[in-house]
Amino acid sequence: MVAFAVAIAAGAGSVLRYLIDQLVQYRSHGDFPYGTFVINLTGSFVLGLSTGFALHHGLPSTPALIVGAGFASGYTTLSTWAWETLALAEAGELLEGALNIFGSFAAGLAAGAVGLALASL
């Protein structure tokens, strides 16, 4: 039953990822993949928050698993991030590609830490 809940949460996360990515990309200009950046940033925050609630407030392991392994894994994307970075580099957009790599990594770590910190209050 838990595996089914994880699968449903992952599916919901992936649909939400698509919708948010489309909305952000529609509103942004240029070649930088702002949609993926926003998705991975907010997904890191959600995962940090969920982990913090599990660690500091006794969120049971099953809901934490459903949010983390289900929703957050379906919502965030490593493969699209890597592909978009490669596409930027191949197009000669080396600064944007580097910003996507290092900016996404640093911002994702920071967002996860903020989520964890907020949940520990």
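For the structure, check the block above.
Parameters at a glance
Residues numbered from 1 in each chain as written. Predicted model: local features only at pLDDT ≥ 70, side-chain atom pairs only at ≥ 80, totals over all residues. Heavy atoms only, no water. Helix = DSSP H or I, 4+ residues; strand = E, 2+ residues; numbered from the N terminus. Buried < 20%, exposed > 50% of the residue type's maximum accessible area, 1.4 Å probe, protein only. Contact = heavy atoms within 4.5 Å. Areas by Shrake-Rupley, 256 points an atom, 1.4 Å probe, with all protein chains shown as cover. Phe/Tyr/Trp six-rings, centres within 6.5 Å; stacked < 30°, edge-to-face > 60°. Expected span 1.5 Å × (residues − 1). Axes fitted to C-alpha atoms, helices over the stretch in contact; angles between N-to-C directions. Parallel < 35°, antiparallel > 145°, perpendicular 65-115°, else oblique. Nonpolar A, V, L, I, M, F, W, Y, C, P; charged D, E, K, R; others polar. Polar contact = N/O pair within 3.5 Å; in protein donor to acceptor, adjacent residues only side chain to side chain. Lys, Arg positive; Asp, Glu negative; His and termini not counted. Salt bridge = Lys/Arg side-chain N within 4 Å of Asp/Glu carboxyl O.

Quick notes on the overall build of the chain
If you tally the helices and strands in the chain, you get five helices and zero strands. Reading the chain from its N terminus to its C terminus gives the helix and strand order α-α-α-α-α. The principal-axis extents of the C-alpha atoms in the chain amount to approximately 50 × 30 × 20 Å. A burial count over the chain gives 30% of its 121 residues as buried. Considering only contacts within the chain whose residues lie at least 6 apart along the sequence, 71% involve residues at least 24 apart. When the accessible surface of the chain is totalled, it reaches about 7100 Å², and 74% of it is carbon and sulfur.

Digging into the packing of aromatic side chains
Tallying each qualifying case throughout the model produces three aromatic pairs. Each member of the aromatic cluster is reached from another via a ring pair, and the members are F32, Y34 and F37.

As for helix α5 (residues 94–119)
Between its first and last C-alpha atoms α5 spans 37 Å; for 26 residues at 1.5 Å apiece the expected length is 38 Å, and the two agree. Taken residue by residue, α5 has G97, N100, S104, G108, A111, G112, G115 and A119 as its buried positions. The inward-facing, buried residues of α5 contact α2 (34–57) and α4 (78–90).

Section: the packing of α2 against helix α3 (residues 61–75)
One way to put it is that α2 packs onto α3 with a least axis distance of 10 Å and a crossing angle of 175°. Regarding the angle of α2 to α3, the classification is roughly antiparallel. Between α2 and α3, the contacting residues are I39, T42, G43, V46, L47, S50 and A54 on the first element and A64, V67, G68, F71, A72 and Y75 on the second. Grouping the constituent residues of the contact of α2 with α3 by class yields nine nonpolar, four polar and no charged.

Points about the side chain of T85
Along the polypeptide, T85 turns up in helix α4. Among the polar contacts made by the side chain of T85, one reaches the side chain of N100 at a distance of 2.7 Å. Leave out the neighbours within four places in its chain, and T85 touches G97, N100 and I101.

Section: the environment of F71
Secondary-structure assignment places F71 in helix α3. Along the sequence, F71 and V46 sit 25 residues apart, while their C-alpha atoms lie 9.2 Å from each other.

Some details on α3
Owing to its 3.6 residues per turn, the α-helix aligns residues three or four sequence positions apart on the same side. In a regular helix each residue adds 1.5 Å, so 15 residues correspond to 21 Å; α3 covers 20 Å between its end C-alpha atoms and thus fits that length. Among all positions in α3, only A64, G68, G70, A72, G74 and Y75 are buried. Where α3 is buried, its residues meet α1 (2–27) and α2.

A word on the side chain of E84
Residue placement: E84 occurs in helix α4. One buried charged side chain, E84, makes no salt bridge at all; its nearest oppositely charged neighbour is R17, positioned 9.2 Å away. Of note is the side chain of E84, whose polar atom sits 2.7 Å from the side chain of T36. In this view, E84 contacts P33, T36 and N100; residues no more than four positions away in its chain are not counted.

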